Amino acid sequence: MKGTVYTETVVWSPPEAFAKDVPYQLVIVTLEDGTRVTGRILGDRVSIDDRVALAEDRSGIPYFKLIL
Amino acid sequence: MRPVVVAGAGKTSFGAFAGRDLRSLAVEAATKCLADAQCLPSQVEAFFLGNFAGPSFVGQNHLAPYISGALGITGAPSTRFEAACASSGAAFFQAVQCVGAGIYDAVLVCGVEKMTSQTTARVAEILAGAGDLAGEVKAGATFPALFAMIARRHMHLYGTTREQMAAVAVKNHANGARNPQAHLRKIITMEQALAGKPVSDPLTVYDCSLISDGAASVLVVAAEKAAEFGGIPVRVLGIAQTSDYVALDQKADITSLEAVRSSAQQAYRMARLTAADIEFAEVHDCFTIAEILAMEELGFVEKGGGGPYVFSGETALGGSRPVNTSGGLQSKGHPVGATGVAQICDIVQQIRGDAGDRQVKRNRIGLAQNLGGSGATSVVSILGAM
């Protein structure tokens, strides 16, 4: 599953459940079918309009990776 | 709809009050309001409470009669409204609808939130419940993160800058420093605003509103009955509430707060006014970017023009259209369930000429804009001098 970064942020002040992940990058990705999904980024930081691919699904959370 | 007025208003100070419980805050605000309107508890035909998360913050449920009983109001319908940070805006909207429709002559509206007894991380978690728990929140979104993603997109599309966002924080802190009831009475410089601790990029701590305790109350009365009460009445010229998707990723364009635009348009139509007629406003600056978006959706400027507009000084206390003379949510404070009614109290105070050294010169028509979540609820109210 591939898509384009619609928007992103790096979270520094997390809810209790994600304290161990900080800082993490959150994204909304526009998928190739036009729908949007909120997920996380693995590895290199991304910017708006970057192409990303689904890397893995961790308990229902989609993790995307930058397509180089 | 028959004409409706706000016949009384009362607020607690906003702040972190370790020794105060939720009910005592609500009772203080409502008692001040009833005294201002010279209204007896027996004259109140319905009690509408705005509260977002009392059950999560303090554990108490059944909050409306819990508070109205303490005011000596029994035998009347007493109900809590929940619409995230627009909870008391929604309660006020329903009160105006009911009085306007002739169902009641006098409805007491109160908004309250007691937030500071929880840690910041727990507060963030409770507030996140106003987002989509199954999607964005599960992935790690907080409200600062949602508005940070809106800000990033707005910067990308329109060239909005960090300096423009910081200008909102500098202005609202300057106003709040003059407000004796504000939570954080501290002037900040542009340099400080830009160097704040990061919360969720590009937002820093100075882009975010405060975690506060507080309550606010207004008495909504049929204009034809206003003479039976003692306060200086203020007309409700127009009001509307509209809705949108809760999840940010469901929206076609996250830089547009469609509910704010539609509720504003309906309120303008009802008031037979346009954006150009609005002399001053209290808007929902939960984050600096939200005030920039509000300028656009309320029609004060064209889409994308919000950044340059807030940077221009036009919305400062001495500007052509002052915005958030109370200090806004960033400085006055943001006890979320109280915010909508607190904005109405702030507009009433300006129209009555009671705002002291924050008094605006053109004070006959003011607008209040109250937002729930990342835009799924919007209430816009336009008030005017009699």
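Cut-offs applied
Numbering of residues starts from 1 in every chain and runs along the sequence as written. Chain letters and ligand numbers both follow the written order, the letters beginning at A and the numbers at 1. Two thresholds apply to this predicted model, a pLDDT of at least 70 for residue-level local features and 80 or more for giving and counting side-chain atom pairs, whereas whole-chain, interface and lining totals are computed over all residues. Secondary structure elements are taken from DSSP: a helix is a run of H or I of four residues or more, a strand is a run of E of two residues or more, and numbering for both begins at the N terminus. Only the C-alpha atoms count toward the radius of gyration. The rule for a globule is 2.2 Å times the residue count to the power 0.38. Counting other C-beta atoms within 10 Å of a residue's own tells you its class, since 20 or more makes it buried, 12 or fewer makes it exposed, and anything in between is partly exposed; those C-beta atoms are placed from the backbone. What counts as a contact here is a pair of residues whose C-beta atoms, placed from the backbone, lie within 7 Å. Orientation is described by lines fitted to C-alpha atoms, with helices fitted over the stretch in contact, and by angles between N-to-C directions that extend from 0 to 180 degrees. In this scheme, roughly parallel covers angles under 35 degrees and roughly antiparallel covers those over 145, while 65 to 115 is roughly perpendicular and the rest are oblique. Crossings are classed by handedness, with left-handed meaning an anticlockwise turn of the near helix from the far one by less than a right angle and right-handed meaning a clockwise turn. By convention here, the domain bounds are inherited from an automatic or database domain assignment. Confidence scores labelled pLDDT are given residue by residue by the predictor and lie between 0 and 100. Paired strands are those between which DSSP finds at least two bridges.

Q: An account of the overall build of chain A is needed here, citing residue identities and associated values.
A: Of regular secondary structure, chain A possesses 0 helices and 5 strands. Along chain A, helices and strands appear, N-terminal first, in the series β-β-β-β-β. Taken against the 2.2 N^0.38 rule, which gives 11 Å for 68 residues, the C-alpha radius of gyration of chain A at 11 Å falls within 12% of a compact globule. Across its three principal axes, chain A shows a C-alpha extent of roughly 35 × 25 × 20 Å. Going through the 68 residues of chain A one by one, you find that 37% of them count as buried. Intrachain contacts of chain A at a sequence separation of at least 6 include 34% that bridge at least 24 residues.

Q: How would you sum up the packing of helix H1 (residues 22–37) of chain B against helix H3 (residues 63–70) of chain B? Please name residues and give values.
A: Residue and element names in this part refer to chain B. The geometry of H1 relative to H3 is characterised by a closest axis approach of 9 Å and an angle of 55° between their N-to-C directions. On the basis of their axis angle, the class for H1 and H3 is oblique. Between H1 and H3 lies a crossing of right-handed hand. Listed contacts from H3 to Arg 23, Ala 26 and Val 27 of H1 are Tyr 66, Ile 67 and Ala 70.

Q: Which residues make up the domain arrangement of chain B, and what values do they have?
A: All names here are of chain B. What the domain assignment reports for chain B is domain 1 (4–119 + 211–235) and domain 2 (132–208 + 236–384). A C-alpha centroid distance of 23 Å is found between domain 1 and domain 2. Counting residues at the interface gives 38 residues for domain 1, matched by 34 residues for domain 2. For the side of domain 1 that touches domain 2, the elements supplying multiple residues, two or more each, are strand S1 (4–11), helix H4 (87–100), strand S4 (106–114), strand S7 (213–222) and strand S8 (234–243). The element best represented in the side of domain 1 that touches domain 2 is H4, accounting for 7 residues.

Q: Talk me through the confidence of the model for chain B; I want residue IDs and the actual numbers.
A: On average, residues of chain B score 97 in pLDDT, and 100% of them reach the 70 mark or higher. Across the predicted assembly, pTM comes out at 0.98 and ipTM at 0.98.

Q: Run through the sheet that holds strand S9 (residues 280–282) of chain B, naming residues and quoting values.
A: Residues and elements named next belong to chain B. Spatial strand order, S3-S2-S4-S7-S1-S8-S11-S10-S9: 9 strands in an open sheet with mixed pairing. Of all strands in the sheet, those bounded by a partner on one side alone are strand S3 (78–81) and S9. In this sheet, adjacent strand axes meet at a mean angle of 25° when their direction is disregarded. Here strand S2 (residues 46–50) pairs with S3 via 4 bridges, running parallel.

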